[in-house]
Amino acid sequence: MGILALWLAFRGVDWKVLRSALLSLNYSIASLALLTVLITLLVSTARWRLLFFPDHRELRFGNLFSGIVLAQMLNIVIPARLGDVARLYAVESGGRHTKVRILTTVVVEKAVDLTMLALTVILLLLTVSLPTWVRESGRALLVSSVVAIAVVLLLSSREEAFLAWLERMAEKVPGIWGNRLVRVGRSALDGFSAIRSGQISLYVWGLSLVILVLAALTNYLLFLALDLRLPPIAALFLLIVLQVGIAPPSLPGKIGVFHYLTVLGLSVYSVEKSVALSYAIVLYVVALMPKIVIGTGILAFKKPPR
């Protein structure tokens, strides 16, 4: 899949046009785009910290930041989305937070992100004439987001009923396994505490909107850096194309699929292929490479938690 996408991305490219587009890059604006990527990582860390409410103030921001960066780096480098498992080892909590609770906060985060992307798809459907392949992917995203957020809201609002059901199930499980089942259930439900708190939940949704806007802003600033006269809605459109399409297996580093999807997305706005590929290369360097570099530095120098 990745090799095919890489071939499709580079097929028929005018290398002179590609080189000229890259040489015309406005480095000042590109630097601003890079800054938005770094700010997005910080905001993502702040949101994850809130998801540990009411114990969030006990967690070190630096450890959570390491977990966010490592997760994103591994999701980029490894052709399988297993990076979020790295977050388990980023929370130095002295045993206060179980692995189940940590994973639950990640599940809640993903459900919120999925919902924000679904709302963006709705906005695009109402304002832009989308290609058929985007509309179909968008509808699938909408269905997935509705299911995900419904499960999160149900579990967060029906805590007592779920625990009572678990206790009934535990009575049918022999030995210590019944008690373990209940403990795991309680830990999982603790991960929904932020959603149950009206104020904290509002902060989480607000930060999620900020993350979405920053991601689109990165795309738009790079439009300006390469002198692409595209409307702001095109930045949102490209964000959705990359988020929906990057899931299939690819070469390590998302090479190929990332570039082809960017070229495909920009073709909707009649951007010439060689110019679109130059944009894809710059976007890759600005949006993905910093996470790989910072994540590698964390792996090299960070001491493992005790």
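Bear in mind the structure is a predicted one, so any value in this text is a computation, not a measurement.

*Asks:* Explanation requested: a nonpolar patch on the surface in the structure shown.
*Replies:* Among the surface-exposed residues, Leu32, Leu34, Leu35, Leu38 and Ile39 lie close enough to one another that they form a single nonpolar patch of about 380 Å² accessible area. As for its placement among the helices and strands, leucine 35 is situated in helix α3 (residues 27-50). What makes leucine 35 partly exposed here is its relative accessible area of 44%.

*Asks:* Looking at this model, I keep getting lost on the side chain of threonine 40. Mind explaining?
*Replies:* Mapped onto the fold, threonine 40 is located in helix α3. When near neighbours in sequence (up to four residues on either side) are disregarded, threonine 40 contacts Ile211, Leu214 and Ala215.

*Asks:* Teacher, can you tell me more about the packing of aromatic side chains here?
*Replies:* What describes a pair of aromatic rings is the distance from one ring centre to the other and the angle between the planes of the rings. Summed over the entire model, instances satisfying the criterion amount to five aromatic pairs. Here phenylalanine 237 and tyrosine 269 contribute two aromatic rings whose centre-to-centre distance is 5.7 Å and whose plane-to-plane angle is 70°, an arrangement assigned as edge-to-face. With phenylalanine 237 in helix α11 (residues 232-245) and tyrosine 269 in the loop between α12 (257-267) and α13 (273-301), this pair connects stretches of sequence that are 32 residues apart. Note on accessibility: phenylalanine 237 and tyrosine 269 belong to one class, buried. Here the aromatic cluster, defined as three or more aromatic residues joined through ring pairs, consists of Tyr220, Phe223 and Tyr279. The ring of tryptophan 48 is capped by arginine 87, whose NZ or CZ atom sits 4.7 Å from the centre of that ring.

*Asks:* How should the environment of alanine 33 be read in this particular structure?
*Replies:* Residue position: alanine 33 is located in helix α3. For alanine 33, a relative accessible area of 0% corresponds to the buried category. Note: C-alpha distance between alanine 33 and phenylalanine 223 (190 residues apart in sequence) is 9.9 Å. In contact with alanine 33, not counting residues within four places along its chain, are Thr218, Leu221, Leu222 and Val286.

*Asks:* Please clarify how the pattern of salt bridges should be interpreted in this entry.
*Replies:* Should their charged atoms come close, side chains of opposite charge can pair. Tallied over the entire structure, the rule returns six salt bridges. Residue aspartate 55 pairs with arginine 101 through a salt bridge whose shortest N-O separation is 3.0 Å. Of this pair, aspartate 55 sits in the loop between α3 and α4 (61-77) while arginine 101 is found in helix α5 (residues 99-127), placing the two residues 46 residues apart along the sequence. Classification of arginine 101 as buried rests on a relative accessible area of 5%. Between aspartate 227 and arginine 229 there is a salt bridge, with the nearest N and O atoms lying 2.8 Å from each other. The class for arginine 229 is exposed, based on a relative accessible area of 73%.

*Asks:* I'm lost on unusual backbone geometry in this one. Help?
*Replies:* Only a minority of non-glycine residues have a phi that is not negative, and only a minority of peptide bonds are not trans. Residues phenylalanine 53 and proline 54 are joined by a peptide bond in cis, for which omega reads 10°. Relative to the helices and strands, proline 54 is located in the loop between α3 and α4. In this model, aspartate 227 sits at a positive phi of 60°, which is unusual for a non-glycine residue. In this structure, aspartate 227 sits in the loop between α10 (198-225) and α11. For serine 270, which is not glycine, the phi dihedral falls at a positive 60°. Relative to the helices and strands, serine 270 resides in the loop between α12 and α13.

*Asks:* Explain α11 here, please?
*Replies:* The end-to-end C-alpha separation of α11 is 20 Å, in line with the 20 Å expected for 14 residues at 1.5 Å each. Within the sequence span of α11, burial applies to Ala234, Ala235, Leu236, Phe237, Leu238, Leu239, Ile240, Val241, Leu242 and Gly245.

*Asks:* How should the packing of α3 against α13 be read in this particular structure?
*Replies:* Helix-helix packing is characterised by the crossing angle of the two axes and by the distance between the axes. Closest axis-to-axis distance for the α3/α13 pair is 9 Å, and the angle between their directions is 55°. Compared by their axis directions, α3 and α13 come out oblique. α13 is crossed by α3, and the crossing has right-handed handedness. Residues Ala30, Ala33, Leu34, Val37, Leu38 and Leu41 of α3 lie in contact with α13, whose contacting residues are Val286, Ala287, Pro290, Lys291 and Ile294.

About the criteria used
- For every chain, the first residue of the written sequence is number 1, and numbering continues from 1 onward in sequence order.
- Where totals are concerned, whole chains, interfaces and linings use all residues; where local detail is concerned, this predicted model gives features only for residues with pLDDT of at least 70, and gives and counts side-chain atom pairs only at 80 or more.
- Note: side-chain values were computed over all heavy atoms of the structure, leaving out hydrogens and water.
- Two joining distances apply to patches: 9 Å for like charges and 5 Å for nonpolar side chains (Val, Leu, Ile, Met, Phe, Trp, Tyr), and every residue must have over 30% relative accessible area and no salt bridge.
- Each accessible area is a Shrake-Rupley estimate made with a 1.4 Å probe; only the visible protein chains count as cover when residues are assessed.
- Definition used for salt bridges: Asp or Glu carboxyl oxygen within 4 Å of a side-chain nitrogen of Lys or Arg.
- Labels follow the DSSP assignment, with helices taken as runs of H or I lasting at least four residues and strands as runs of E lasting at least two, numbered in each case from the N terminus.
- Whether a residue is buried, partly exposed or exposed follows from its accessible area with a 1.4 Å probe, protein chains only, as a fraction of its type maximum: under 20%, in between, or over 50%, in that order.
- Here, residues are in contact when the closest pair of their heavy atoms is within 4.5 Å.
- Ring pairs are drawn from Phe, Tyr and Trp, using the six-membered ring of Trp, whenever the two centres fall within 6.5 Å, and their geometry is named by plane angle: stacked under 30 degrees, edge-to-face over 60, tilted for the rest.
- A ring is considered to have a charge above it if a Lys NZ or an Arg CZ atom is located within 6 Å of its centre and within 35 degrees of its normal.
- Multiplying 1.5 Å by the helix residue count minus one yields the expected span of that helix.
- Axis angles are defined between N-to-C directions and span 0 to 180 degrees, where every axis is a line fitted to C-alpha atoms and, for a helix, only to the segment in contact.
- Note on terminology: angles under 35 degrees are roughly parallel, angles over 145 are roughly antiparallel, angles of 65 to 115 are roughly perpendicular, and the others are oblique.
- Left-handed describes a crossing whose near helix is turned anticlockwise from the far helix through less than a right angle; right-handed describes the clockwise counterpart.

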